[in-house]
Protein chains: 2
Amino acid sequence: MLQESSVDSSGSRFAPLVVLELASDTKEEAITWLLSRIRDRQQNGGAELLVEQLGPGIGVKEKENPNMFLVGASMQRLLCGAEDLGLFKECTDGSMRAFTFASKHNFKDFKGDGDSFLSMAECQYVIKHELDTLRAKEETNVPGYSHAKLYPGKSIIRRLLSKGILIQMFPLHEKEELKRLSFSWYKKVKLSLQPLDDIRHYYGEGQALYFGFLEYFTFALVPMALIGVPYYLFDWEDYDKYVVFAVFNLVWCTVILELWKRRSASLAYYWGTLCRKKAFEEPRPGFHGVLGHNPVTGRAEPIYPTSKRHLRVYLVSLPFVLLCLYLSLYVMMIYFLMEGWALSIYDENPTFWTHILLFIPSIIYAVVIEAMNLIYRYAAEFLTEWENHRLESSYQNHLVLKVLVFNFFSCFASLFYIAFVMQDMELLRQSLATLLITSQILNQFMEAFLPYWLQRRRNKKMIRKVQKRRMYEEKELPLVEQVRLEADMSTYLGTFDDYLELFLLFGYVSLFSCVFPLAAVLVVLNNITEVYSDAFKMCRVFKRPFADPAANIGVWQLAFEAMSVIAVVTNCALIGMSPQVRSYFPESETQLILCTVAAEHVLLGFKFILTFLIQDVPKHIQDKLARLEFESLEALKKKVKSDSAGRQHEHQSL
Amino acid sequence: MLQESSVDSSGSRFAPLVVLELASDTKEEAITWLLSRIRDRQQNGGAELLVEQLGPGIGVKEKENPNMFLVGASMQRLLCGAEDLGLFKECTDGSMRAFTFASKHNFKDFKGDGDSFLSMAECQYVIKHELDTLRAKEETNVPGYSHAKLYPGKSIIRRLLSKGILIQMFPLHEKEELKRLSFSWYKKVKLSLQPLDDIRHYYGEGQALYFGFLEYFTFALVPMALIGVPYYLFDWEDYDKYVVFAVFNLVWCTVILELWKRRSASLAYYWGTLCRKKAFEEPRPGFHGVLGHNPVTGRAEPIYPTSKRHLRVYLVSLPFVLLCLYLSLYVMMIYFLMEGWALSIYDENPTFWTHILLFIPSIIYAVVIEAMNLIYRYAAEFLTEWENHRLESSYQNHLVLKVLVFNFFSCFASLFYIAFVMQDMELLRQSLATLLITSQILNQFMEAFLPYWLQRRRNKKMIRKVQKRRMYEEKELPLVEQVRLEADMSTYLGTFDDYLELFLLFGYVSLFSCVFPLAAVLVVLNNITEVYSDAFKMCRVFKRPFADPAANIGVWQLAFEAMSVIAVVTNCALIGMSPQVRSYFPESETQLILCTVAAEHVLLGFKFILTFLIQDVPKHIQDKLARLEFESLEALKKKVKSDSAGRQHEHQSL
């Protein structure tokens, strides 16, 4: 399964799964302490894992960090860890149940010692969990670091991370597995689906759900794209039929989002994350506060008053976001002024140079927008960090919300302005097409090919360096070099940007679908290349990320649904403004508006009823979940009955 | 605790809790069989309860039903039943935990043998549950009734009920307790709150939540009422200020509904229903289908395809409801025609008789509406029964939805017509006031005093009859007579009508609040009397209902929220139509409408954000729930750890 095995301190070989990189100047006593805690038995509060220092590379240089450690575990330990985590696995009868060591032979893929029962991603997740929950005992600080305070129950790894002693912790790639995956995923151009199960196997559920969503979204847009083409080709200006198209679009948007929930539930069920009970969430590494006691766990933990956080959110972050939105509007207004000014110069004196001048405002605007997005992103991260959220999930939600709102504005504000203030449908269509196409090309370049090129240069340098010393036929790197190379790869920061991109594309398709029916076609084409570039990026550019046992796409579901509500409003308004619809109400504009508003309300109402009627979890999955629930209740009852029978027996014999 | 004890078959006395009334012509073998099943030990599949036939009354008549049975149980059996049900009780440390017999001494109110640990309502609920889950074994039919088919696992009581062999099953009142409750509840006029805990103690959580909601709703309306009075007294026609009032109202409606969720969660937590795991829901008695196997429990059970039910719902029920709504609109149009015709006659010839004629259309309309509501209610019940829902909850939801939509229409359609088609604000105000006041007076009369008067007559007759034979000083009835009297009382059909009334009142307050600010005052006054009449009705008029361990007000929360959304739309439209607001846009009606629509959208958006921001469960309850969850996870983990340590030990010793 693994490319190479290593020798642990006790003499037996183990497969390295996770790498810990400590700062190169870490004090010896801290290292000794950490390693002993990791190796210590569970009864003594240790993690009972195997750990070994990474040997020096072939081309040893002074700047190479000696403090890199490989972590692994025995299969028995991993299986116990999986039980501890409550991982769900498929049973021989086809149902999904929480894995327990005692009932291991009831599980479908459990053979022999269970060597291939857990995927490597799962093993790595178990190790991450065990390391994360390695807690301080009586230590008051990390040995050798008096400022790195500890208290009983504090996660050691999190303190080391927040104090910069632990630089990073990452799981290793599997060369063979990765080759196989990348071949079936993106190396051959094919019409088949993505290997979602393999992706999940290698990268975990969070990643697989993203690619599942990307694929689903693409397929869901195909009908829209197919209907859009004839609209584009034949009925460019016939708004009568656009009304039908737009209504279809709105219903379709709602339906696909609802059906995605069902598909997501179905995927998550078979991947075992749907009914897995989440462990109690620990505070994120950056969280700080006065030491107190957590009301839930009773453990010592920093406490930060919610009211203070609310003050920071509502009195600082919210006004800041609003100010940024205002600024972005202001910049947009300047852009339109500049555009008008350039146009007037061109109209006065149409030469080659003034024609060039026409493009200047757009270019400046695009650059300014990009710069603003970048600066805003940093500001949002800083602010959200400063809000001091206790949980990673809460931090993520606040960050996503901030970035989402601003990106929505900066992307769509100009389109809204053109549509509803300037009311220039021709310009709207042009801008929409330009924005869509440019953003697609730019994104894919920035996202995959540029980092790949950089990575490739580094990779080649490393290979060349190694080749200087030894000669490898297959150009394969030995484990030590491979680990160092992976440590240098960029860190994958999660699916945030990928989802954000899809969100904006969904906006282009849905918000103004009735003026530009070709949008769906463009997005479908983009998504097809996106699958390849994202897959490539995951396999070749980034460090392997830890698996993330997600059961759904989280806050993004909400974001997409909000977008589809906004889409109803904008589409109704666009249709109401079209000259063709206006011609039906020649005498009274009031009536036109009232009809449009009424139609909008009916559509919104219909949308909500539809959301309500389509069940979020398919019936057969619901049945399976209910069966699991029922069985646990029955088991409890049987226990109660046998207990009470015992009691009654006792009672009677008294 | 109980008024009188009875002697069971084995010679020991037991307190009767529940009455079973079988048809008077039930065959002897069926009775013998049923009683033996009820008395049989749990190991043999019996309910292990105590049961005894009710003796003949004092004034024995031929028409008196001899087949009435009192059911009770030993305290031990009741406590085991409570554990079986997973009832939550307060522990000595103040937290709420599922009661288990083994840990009984950790619970706060457990003293001695636990005689007063369970309330009588809880004991009755335990008995109901045990009777309901008494299942057929090998019997193929009820002895003596070849048409009353049974199959292994079928609930006996439900089959007896559906075949009419069992007429009713009801819990007994406790005279002393009831006297105390009614004294603190409605017998003294006071400013203090309702004794919600006592109500819950006597009637169960469902009832208590209704009265809690009624009380909460009344208090929540007080600020509106207080603001409404000066508006009514001083600024009758000043729409400027109405805008402020209406916006306040809308925000208030949203906030009170959200805060109610918090209060309801809080009440349900302390009543132990919030985190209680619901048992698997059995099919309702009327449900029929082909015998198959339930995919969840694996038990034999009638199966009815969902697709068929969907066909019935969407192809029959839905068109029927729409047709009824259309009819109701038609009736309303006739009413307005008649009204106009009466007015024209009066205008032509204003005499006393033509003045009387003016009231005729309203009276006819009111009578027709009442009749239509009644007929529709029966039709809705018939249709929902015919839809053949498997679960009682699903049946209830479909029935509530049908009745709700129709009642909403028949109550508010005329107001909508006056407001938006006739645009006569003066008439709207008058109609609103008339409708509100009439419906209040009528309701309280029909609901409490009329049934009470009928019940009182029956009661007196019974007392007189008893007094003929013996002389009682306290005019108290002996148990036998009391049981027969209660069996004759009307059955309380649940909180449906009570909630429906509140829902319509909420509509009067919220939909047109900006034209009639006094509505809140009237509703507050009504609610205060409603508390008394409902309490009176519960204590004196109806049979005691079984407790219903509800955790929230269910579908009504949704209904109230839907009403508050509609309220935003109507209020915005009313404000937009007011001459004062119109005068701000003298040149352009279009702009007025656009502004109104924009304001409406902003308000709706704000409303949704507010709904999102206000958490449904208060923080301290969330913490307690999380603590419970955390403890169960930790306990599981400890079990896993000790198991795995055992395994490792085993492993090492091999």
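Residues numbered from 1 in each chain as written. Chains lettered and ligands numbered in written order. Predicted model: local features only at pLDDT ≥ 70, side-chain atom pairs only at ≥ 80, totals over all residues. Heavy atoms only, no water.

Participant: So what exactly am I meant to see when it comes to the relation of the copies chain A and chain B here?
Facilitator: What relates the two chain copies is a rotation about an axis together with a slide along it. Superposing chain A onto chain B requires a rotation of 180° together with a translation of 0.0 Å along the rotation axis, leaving an RMSD of 0.1 Å. The two molecules are tied by a two-fold rotation axis, judged by turn and shift. When C-alpha distances to the rotation axis are compared across chain A, the minimum falls at Thr590(A), with a value of 2.8 Å. Taken together, the interface assignments show that 98% of the residues at the interface of chain A recur at the interface of chain B, consistent with an identical surface on both copies. (Least-squares fit on C-alpha atoms with pLDDT ≥ 70 in both. Contact = heavy atoms within 4.5 Å.)

Participant: Is there a simple way to think about the sheet that holds strand β5 (residues 68-72) of chain A in this case?
Facilitator: Hydrogen bonding along the main chain pairs the strands of a sheet, whether they run parallel or antiparallel. All names here are of chain A. Judged by pairing direction, the sheet is antiparallel, and its four strands sit side by side in the order β4-β5-β3-β10 without closing on themselves. Either end of the sheet is taken by a strand with one partner, and the two such strands are β4 (50-53) and β10 (166-171). In this sheet, adjacent strand axes meet at a mean angle of 20° when their direction is disregarded. Two strands pair when backbone bridges link them, and β4 and β5 are joined in this way by four bridges, in the antiparallel orientation. Within the sheet, the bridge partner assigned to Glu-52 lies in β5 and is Leu-70. (Pairing = 2+ DSSP bridges. Helix = DSSP H or I, 4+ residues; strand = E, 2+ residues; numbered from the N terminus. Axes fitted to C-alpha atoms, helices over the stretch in contact; angles between N-to-C directions.)

Participant: Is there a simple way to think about the interface of chain A and chain B in this case?
Facilitator: How big an interface is tends to be stated in terms of the accessible area lost upon association of its parts. Between chain A and chain B, the contact holds 48 residues from the first and 48 residues from the second. Here chain A packs against chain B, burying approximately 4,200 Å² in sum over the two surfaces, 57% of which is carbon and sulfur. Run the count over chain A and chain B and you get zero salt bridges. Inspection of the chain A/chain B interface yields six residue pairs in polar contact (both at pLDDT 80 or more). For the side of chain A that touches chain B, the secondary structure elements donating two or more residues are α2 (75-85), α9 (306-348), α16 (555-577), α18 (589-613) and α19 (619-653) of chain A. Taken together, the residues of the side of chain A that touches chain B break down into 20 nonpolar, 12 polar and 16 charged. (Buried area = accessible area lost by both parts, 1.4 Å probe. Salt bridge = Lys/Arg side-chain N within 4 Å of Asp/Glu carboxyl O. Polar contact = N/O pair within 3.5 Å; in protein donor to acceptor, adjacent residues only side chain to side chain. Nonpolar A, V, L, I, M, F, W, Y, C, P; charged D, E, K, R; others polar.)

Participant: I tried to follow the UniProt feature "transmembrane region" (unreviewed entry) in chain A on my own but got confused; where do I start?
Facilitator: Residues and elements named next belong to chain A. The positions that UniProt labels "transmembrane region" (unreviewed entry) are, in the present scheme, residues 208-233, 239-260, 313-336, 356-378, 399-420, 432-454, 502-525 and 553-575. The distance from the first to the last C-alpha atom of residues 356-378 is 34 Å, and the span holds 100% helix and 0% strand. Secondary structure within residues 553-575 divides into 91% helix and 0% strand; the distance between the first and last C-alpha atoms comes to 32 Å. (UniProt positions renumbered as here; feature names shortened; annotations may be inferred.)

Participant: Just to check I follow, could you spell out unusual backbone geometry for this structure?
Facilitator: As a rule of thumb, non-glycine residues mostly have phi less than zero, and peptide bonds are mostly trans rather than cis. Here Glu48(A), not a glycine, exhibits a phi torsion of approximately 55°, which is positive. With respect to the secondary-structure elements, Glu48(A) resides in the loop between α1 (28-39) and β4.

Participant: Honestly, the pattern of salt bridges in this entry has me stumped. Any pointers?
Facilitator: Opposite charge on two side chains allows them to pair when their charged atoms are near. All names here are of chain A. Enumeration over the complete set of coordinates arrives at 50 salt bridges over all chains. As a salt-bridge pair, Asp-132 and Lys-128 come within 3.4 Å of each other at their nearest N and O atoms. Of this pair, Asp-132 and Lys-128 both sit in helix α3 (residues 120-132), four residues apart, roughly one helical turn. Owing to a relative accessible area of 13%, Asp-132 belongs among the buried residues under this scheme. Accessibility expressed as a relative area gives 23% for Lys-128, which makes it partly exposed. (Buried < 20%, exposed > 50% of the residue type's maximum accessible area, 1.4 Å probe, protein only.)

Participant: I tried to follow the packing of aromatic side chains on my own but got confused; where do I start?
Facilitator: A ring pair, where both rings are aromatic, is described by two values, the distance of the centres and the angle of the planes. All names here are of chain A. If you walk through the whole model with that rule in mind, you get 75 aromatic pairs over all chains. The interplanar angle of 5° and the centroid separation of 6.3 Å between the aromatic rings of Phe-320 and Tyr-376 together place this pair among those described as stacked. Taken together, the residues span a long stretch of sequence, with Phe-320 in helix α9 and Tyr-376 in helix α10 (residues 352-386) at a distance of 56 residues. Since its relative accessible area comes to 3%, Tyr-376 is described here as buried. (Phe/Tyr/Trp six-rings, centres within 6.5 Å; stacked < 30°, edge-to-face > 60°.)

Participant: What am I meant to see in the sheet that holds strand β5 (residues 68-72) of chain B here?
Facilitator: Residue and element names in this part refer to chain B. Strand order in the open sheet formed by four strands is β4-β5-β3-β10, and the pairing between neighbours is antiparallel. Taken across any chain shown, the strands that pair with only one partner, and hence form the sheet edges, are β4 (50-53) and β10 (166-171). When strand polarity is set aside, the average angle formed by the axes of neighbouring strands in this sheet is 20°. With five bridges connecting them, strand β3 (residues 18-22) and β10 associate as antiparallel partners. Across the sheet, residue Glu-21 finds its bridge partner in β10, namely Gln-168. Along the sheet face, helix α1 (residues 28-39) touches β3, β4 and β5 and points at about 150° away from the line of β4.

Participant: Is there a simple way to think about helix α5 (residues 175-187) of chain B in this case?
Facilitator: Count 3.6 residues to each turn of an α-helix, and residues three or four apart come out pointing the same way. Along its 13 residues, α5(B) runs just 15 Å from first to last C-alpha, ending more than 12% under the 18 Å computed at 1.5 Å per residue. Those residues of α5(B) that sit buried are Leu178(B), Leu181(B), Ser182(B), Trp185(B) and Tyr186(B). (Expected span 1.5 Å × (residues − 1).)

Participant: Would you explain the environment of Asp497(B) in this entry?
Facilitator: Residue and element names in this part refer to chain B. Positionally, Asp-497 belongs in helix α15 (residues 496-511). Take Asp-497: its relative accessible area is 36%, and that puts it in the partly exposed class. For Asp-497 and Thr-254, which are 243 residues apart along the polypeptide, the C-alpha to C-alpha distance reads 23 Å. Of note is the side chain of Asp-497, whose polar atom sits 3.0 Å from the side chain of Arg-377.

Participant: Before we go on, may I ask you to explain the side chain of Asp623(A) in this structure?
Facilitator: Tracing the backbone through its elements, the reader meets Asp623(A) in helix α19. Once you skip the residues sitting within four places of it in the chain, Asp623(A) turns out to touch Pro295(B) and Val296(B).

Participant: It is not clear to me how the side chain of Glu501(B) should be interpreted in this structure. Could you clarify?
Facilitator: All names here are of chain B. Positionally, Glu-501 belongs in helix α15. For the buried residue Glu-501, which engages in no salt bridge, the nearest side chain bearing the opposite charge is Lys-537, 6.4 Å off. Setting aside anything within four residues of it in sequence, one finds Glu-501 in contact with Asn-443, Glu-447 and Glu-530. (Lys, Arg positive; Asp, Glu negative; His and termini not counted.)

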